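# Coordinate analysis (summary)
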Amino acid sequence: MTHWGSTVRKAVIPAAGLGTRFLPATKAMPKEMLPVVDAPAIQYVVEEAVNAGLTDVLMITGRSKRALEDHFDRAPDLEQTLVAKGDEARLGAVRYSSGLGPIHYVRQGEPKGLGHAVLCGRQHVGDEPFAVLLGDDLIDERDELLTTMMDVQAKTGGSVVALIEVDPSQISAYGCADVSAIDGECFVRVNALVEKPRVEEAPSRLAVIGRYVLHPAVFDVLETTEPGRGGEIQLTDALQSLLSIEGEGSGVYGVIFRGRRYDTGDKLSYLKAVISLATEEAEFGEELKSWMKDFIN
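In this report, the structure presented in the accompanying data block is examined. (Residues numbered from 1 in each chain as written. Predicted model: local features only at pLDDT ≥ 70, side-chain atom pairs only at ≥ 80, totals over all residues. Heavy atoms only, no water.)

## Focus: a nonpolar patch on the surface
Together, Trp291, Phe295 and Ile296 make up a nonpolar patch on the protein surface, roughly 420 Å² of accessible area in all. Within the secondary structure, Trp291 sits in helix H11 (residues 285–296). (Patch = residues over 30% accessible without salt bridge, like charges linked within 9 Å, V, L, I, M, F, W, Y side chains within 5 Å. Areas by Shrake-Rupley, 256 points an atom, 1.4 Å probe, with all protein chains shown as cover. Salt bridge = Lys/Arg side-chain N within 4 Å of Asp/Glu carboxyl O. Helix = DSSP H or I, 4+ residues; strand = E, 2+ residues; numbered from the N terminus.)

Structure below.
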């Protein structure tokens, strides 16, 4: 059975992390629900998946993540209140999040790492290529990334990672890719992946960010991947194994992303995301920019 030219339909969004970097804000609220202007961070990620044509979203959750399910569910009492007030704008916004499409939920059970979270989606995904979107990475909606990665997956039949160039001093915070160019192509071949290398051992300044389009062969590899750094099952280790297998689903490729990306798992980057997106709001963007100039002066 070949997957050549398969259309990616399913998205897996791991959202079981504890968000300890944002305590105490995340003591009783999932980090994915932290607001970016007037929508929670996770909504931007789901919108990205839907806008890329993915029609089936699976969220991998854990304990105390009930608010995620509630956010994408209908809220009849709230809707009725807004109808009674004649508040069409807010009613539309509330209904929009619950109308993004079918969203399914599976619990990870215990935090065994990103690789394990992806493996939790095996039964739902089945035997077809799928996308993985990490909730901490916000990709600006004006910058295409996921659709490009899906095209590369269809063309190569392998797995695809998103890469960005980072300052060499930052590479230890990421998985790092050793790559080589492919003649006539806008994507690269990944030769090796190293999870959070020391600066002096990093093979490049290309960092793996939280977008993947994976061949289902990754599931068999994840089943046998031993816990790596931090005692967790690392997706990077499984992708490294895919580099050395023969046959269907082999090979890992990279799309180098040069657009706008925010890491909402990092406090400073989260604040940059809020401010950047707020300045583009029709309602108050110009006023905010004017205030910021006065504030800085």
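## Description of the layout of surface pockets
With a probe scaled to a water molecule rolled over the atoms, the places where space remains empty come into view. Volume-wise, the largest pocket comes out at about 1500 Å³. Around the largest pocket sit 46 residues that line it, and Arg21, Lys31, Leu134, Asp136 and Lys196 are the ones nearest its centre. Counting residues per element, the lining of the largest pocket draws most heavily on strand E11 (residues 206–214), which supplies four residues. Of the residues belonging to the lining of the largest pocket, the class tally is 18 nonpolar, 14 polar and 14 charged. Computed from the structure, the second largest pocket encloses a volume of approximately 1100 Å³. Looking at the second largest pocket, it is lined by 39 residues, and the ones nearest its centre are Ala39, Gln43, Tyr44, Glu47 and Glu141. Listing elements by their share of the lining of the second largest pocket, those giving two or more residues are strand E3 (39–40), helix H1 (41–51), helix H2 (66–71), helix H4 (88–98), strand E7 (137–139) and helix H7 (146–156). Looking at the lining of the second largest pocket residue by residue, the classes come out as 18 nonpolar, five polar and 16 charged. (1 Å grid on protein atoms, 1.4 Å probe; cavity = no way out; pocket = protein on both sides within 12 Å on 5 of 7 lines; lining within 4 Å. Points joined across faces, edges and corners; volume = space filled by probe spheres on them. Nonpolar A, V, L, I, M, F, W, Y, C, P; charged D, E, K, R; others polar.)

## Side note on the side chain of Thr26
With respect to the helices, strands and loops of the structure, Thr26 is situated in the loop between strand E1 (10–14) and strand E2 (35–36). The exposure class of Thr26 is buried, given its relative accessible area of 7%. (Buried < 20%, exposed > 50% of the residue type's maximum accessible area, 1.4 Å probe, protein only.)

## Overview of the pairing of strand E12 (residues 252–256)
When you tally the buried positions in E12, you get four out of five residues, the bulk of the element. Across five bridges, the pairing between strand E8 (residues 159–165) and E12 is parallel. Bridge assignment links Val160 to a residue of E12, and that residue is Tyr253. As judged from the two bridges shared by strand E10 (residues 188–195) and E12, these two strands associate in the antiparallel manner. Of the residues in E12, the one forming a bridge with Val188 is Gly254. (Pairing = 2+ DSSP bridges.)

Scope: geometric values only; no functional claims are made or implied.
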